[in-house]
Amino acid sequence: MPTATMRHRAYEVLDKGLAGSPAADAVHVTLIVLILVNVVAVILESVPAIAGAYGTLFVVVEIVSTVIFTIEYGVRLWTAPEHPLLQAMRPLRARLRHAMSPSMVVDLIVILPFYVSLIGGIDLRFLLLLRLARFFKLARYSPGFASLTEALWSERRALGASLIIFIGVLVIAAAAMRLAEHDAQPDKFATIPDALWWAVITLTTVGYGDVFPVTPAGKLIAGVTAITGVAMLALPVGIIATAFAREIQRRDFVVTWSMVSSVPLFAGLDAASIADVMRSLKSVTYEPGAVICRAGQQARAMFVVAEGEVVVETDDGPIGLAAGQCFGETAVLNRTPLHATVRAMQRAKVLILDAEDLHHLMSLRPAIGVVIAAQVQNLAAGAPDQA
């Protein structure tokens, strides 16, 4: 197999995965299980009795995990030029750009503790913390984790403004309390930096009780600060919750009547048939470069582009499909393998109708099959078969 083909195949399996590919599923499940095993091992290793009884096992787990994670990191760097956003760059530059991405930085951090420990003279507690960073590798396989990250990034300016407001209130509260309590408690409120500790635990509503006001003015300031602290915590929480809910809604993507009825493939259906189709449709979000379906695979579903753009890779060149266009319907109706690979060129939301659901609908409502078959023939007459 040519090197370029091997690299492309490795990219699809490791970085994006092939829908329904046993190799991709096996690789991803293995990595997820290995990450979880590592996190559990690090936690248990901190217990002296367990570490003494199973020390050899922990060492074996660490060595095997580091070897696998190192191979994974190397393969991801090797396949970087296959990423759609990096294909225009020279291979070396593409790999350097990919190495600086957040996910690759995490991958590097999780393999560093083992190699650094070989040098010696390093605080083992610090290395333990780095090993626990392997937990964040799960973000690559968790849509919810990715949604939270996107929500935080989209609201970074609002969260930054909240932080500035919090710091301002923190400094004002500390200065006011130092002024009110300096004479009564010179050992605890001697300076504003000393009072900052009280301000932090009060604004965050923790209230350890190790430092507290004794004067009437100080108690009044403490009460106002505590009430303000509730608002200070509610502000970023509300921002994050709203952004996260919005991101989840975008990912789940509600299938509406107008969306389905506007698709040419379903344009000839009556209201009852469209309602049946809506109940069977699922929405999936694909990131740029993700493989939606691959040539040679048995058709498992038909697809409708709801948002974004996908590209059909044919022998005659790539064919772009925009919102409202379909692919895979011919192969599903004829029960034949797909003729082309389809991948997302940009972030795309795709409506999926499983082949089994479609044939079940056609058996319940033969009119659906007649209309879809007629639309497929019309589309085929005006454009080449795409998938």
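Residues numbered from 1 in each chain as written. Predicted model: local features only at pLDDT ≥ 70, side-chain atom pairs only at ≥ 80, totals over all residues. Heavy atoms only, no water.

A.B. asks: Honestly, the sheet that holds strand β6 (residues 326-327) in this entry has me stumped. Any pointers?
C.D. replies: Strands in a sheet are paired, the pairing made by backbone hydrogen bonds, and the direction either parallel or antiparallel. Pairing is antiparallel across the open sheet formed by four strands, whose spatial order is β1-β8-β3-β6. Looking at which strands have only one partner, the edges of the open sheet turn out to be β1 (282-286) and β6. Bridge count between strand β3 (residues 301-307) and strand β8 (residues 348-354): six bridges; the pairing is antiparallel. Bridging from a neighbouring strand, methionine 302 pairs with leucine 353 of β8. Packing against the sheet, helix α15 (residues 355-364) makes contact with β3 and β8, and its axis sits at approximately 55° to β8. (Pairing = 2+ DSSP bridges. Helix = DSSP H or I, 4+ residues; strand = E, 2+ residues; numbered from the N terminus. Contact = heavy atoms within 4.5 Å. Axes fitted to C-alpha atoms, helices over the stretch in contact; angles between N-to-C directions.)

A.B. asks: Would you take a moment to explain the sheet that holds strand β2 (residues 291-293) for this structure?
C.D. replies: With respect to topology, four strands assemble into an open sheet ordered β2-β7-β4-β5, the strand pairing being antiparallel. The sheet terminates laterally at β2 and β5 (317-321), the two strands that pair on one side only. Recorded for the sheet is a direction-independent mean angle of 30° between the axes of neighbouring strands. Pairing between β2 and strand β7 (residues 341-344): two bridges, direction antiparallel.

A.B. asks: So what exactly am I meant to see when it comes to the side chain of glutamine 185 here?
C.D. replies: Its location among the elements puts glutamine 185 in the loop between α9 (156-181) and α10 (192-203). Ignoring anything within four residues of it in the chain, the contact list for glutamine 185 reads Ala190, Phe212, Pro213 and Val214.

A.B. asks: Sorry if this is basic, but what is going on with the side chain of threonine 341 here?
C.D. replies: Considering the arrangement of structural elements, one finds threonine 341 in strand β7. For threonine 341, a relative accessible area of 11% gives the class buried. From its side chain, threonine 341 meets the backbone nitrogen of alanine 295 in a polar contact 3.1 Å long. For threonine 341, the residues in contact, after removing those within four places along its chain, are Val291, Cys293, Arg294, Ala295, Val311, Val312 and Glu313. (Buried < 20%, exposed > 50% of the residue type's maximum accessible area, 1.4 Å probe, protein only. Polar contact = N/O pair within 3.5 Å; in protein donor to acceptor, adjacent residues only side chain to side chain.)

A.B. asks: Which parts of the structure should I look at to understand the packing of helix α4 (residues 55-78) against helix α5 (residues 91-99)?
C.D. replies: The relative placement of two packed helices comes down to the angle between their axes together with the axis-to-axis distance. Remark: α4 packs on α5, axes separated minimally by 9 Å, with the N-to-C direction vectors making an angle of 130°. With respect to each other, α4 and α5 are oriented oblique. For the pair α4 and α5, contact is made by Tyr73, Arg76, Leu77 and Trp78 and by Arg95, His98 and Ala99, respectively. In terms of residue class, the contact of α4 with α5 is made up of four nonpolar, one polar and two charged. (Parallel < 35°, antiparallel > 145°, perpendicular 65-115°, else oblique. Nonpolar A, V, L, I, M, F, W, Y, C, P; charged D, E, K, R; others polar.)

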